[in-house]
Amino acid sequence: EMVSAVVDVAHVLSALQLGHGDSRAAQDAASRGLLAEPGSEVLHCDAIRAAAARGDSEEIARLSARLRAQIELVDPDGGVGEVTAGLLRELSASET
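Residues numbered from 1 in each chain as written. Predicted model: local features only at pLDDT ≥ 70, side-chain atom pairs only at ≥ 80, totals over all residues. Heavy atoms only, no water.

1. Let's talk about the pattern of salt bridges
For step 1, the next point in the chain: What the rule picks out here adds up to 4 salt bridges.
For step 2, the next point in the chain: Note that D28 and R32 form a salt bridge whose closest N and O atoms lie 3.1 Å from each other. One end of the pair is D28 and the other is R32, both in helix α2 (residues 23-36) and 4 residues apart, which spans about a single turn.
For step 3, the next point in the chain: Here D28 falls in the partly exposed class, since its relative accessible area comes to 37%.
For step 4, the next point in the chain: Owing to a relative accessible area of 56%, R32 belongs among the exposed residues under this scheme.
For step 5, the next point in the chain: Where R62 meets E59, a salt bridge forms, and the shortest distance between an N and an O atom there is 2.8 Å. Highlighted residues: R62 and E59, both in helix α4 (residues 57-74), separated by 3 residues, approximately one helical turn. (Salt bridge = Lys/Arg side-chain N within 4 Å of Asp/Glu carboxyl O. Helix = DSSP H or I, 4+ residues; strand = E, 2+ residues; numbered from the N terminus. Buried < 20%, exposed > 50% of the residue type's maximum accessible area, 1.4 Å probe, protein only.)

2. Examining the nonpolar core
For step 1, the next point in the chain: Membership of the largest hydrophobic core is limited to 10 residues, which are A30, C45, A47, I48, A51, I60, L63, L87, L88 and L91.
For step 2, the next point in the chain: Of all elements in the fold, only α3 (41-54), α4 and α5 (82-95) reach the threshold of two or more residues within this core.
For step 3, the next point in the chain: Apart from residues no more than four positions distant in its own chain, L63 is found in contact with Q27, H44, A47 and I48. (Core = buried A, V, L, I, M, F, W, Y, C linked by side-chain atoms within 4.5 Å. Contact = heavy atoms within 4.5 Å.)

Rendered as structure tokens:
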């Protein structure tokens, strides 16, 4: 339950910081939450959104690869969830 609480707080803080236009603080909050739960898809999405707000495509790619690696550790046949897939498609489309 402690890890779940850390993830929840990090997610809320990241969203609030991003909503206030502070993408670095948003990514920092998500990154700290990922220390507690490295496989958290929601925190990876938060960090990816923060990187996108800064236009940091290299960080988006790094975070996406890291999330996929975490998922593969748990379920080699698994993939990202629908929300994450939609976010990545949206960001990929905006790059073209």
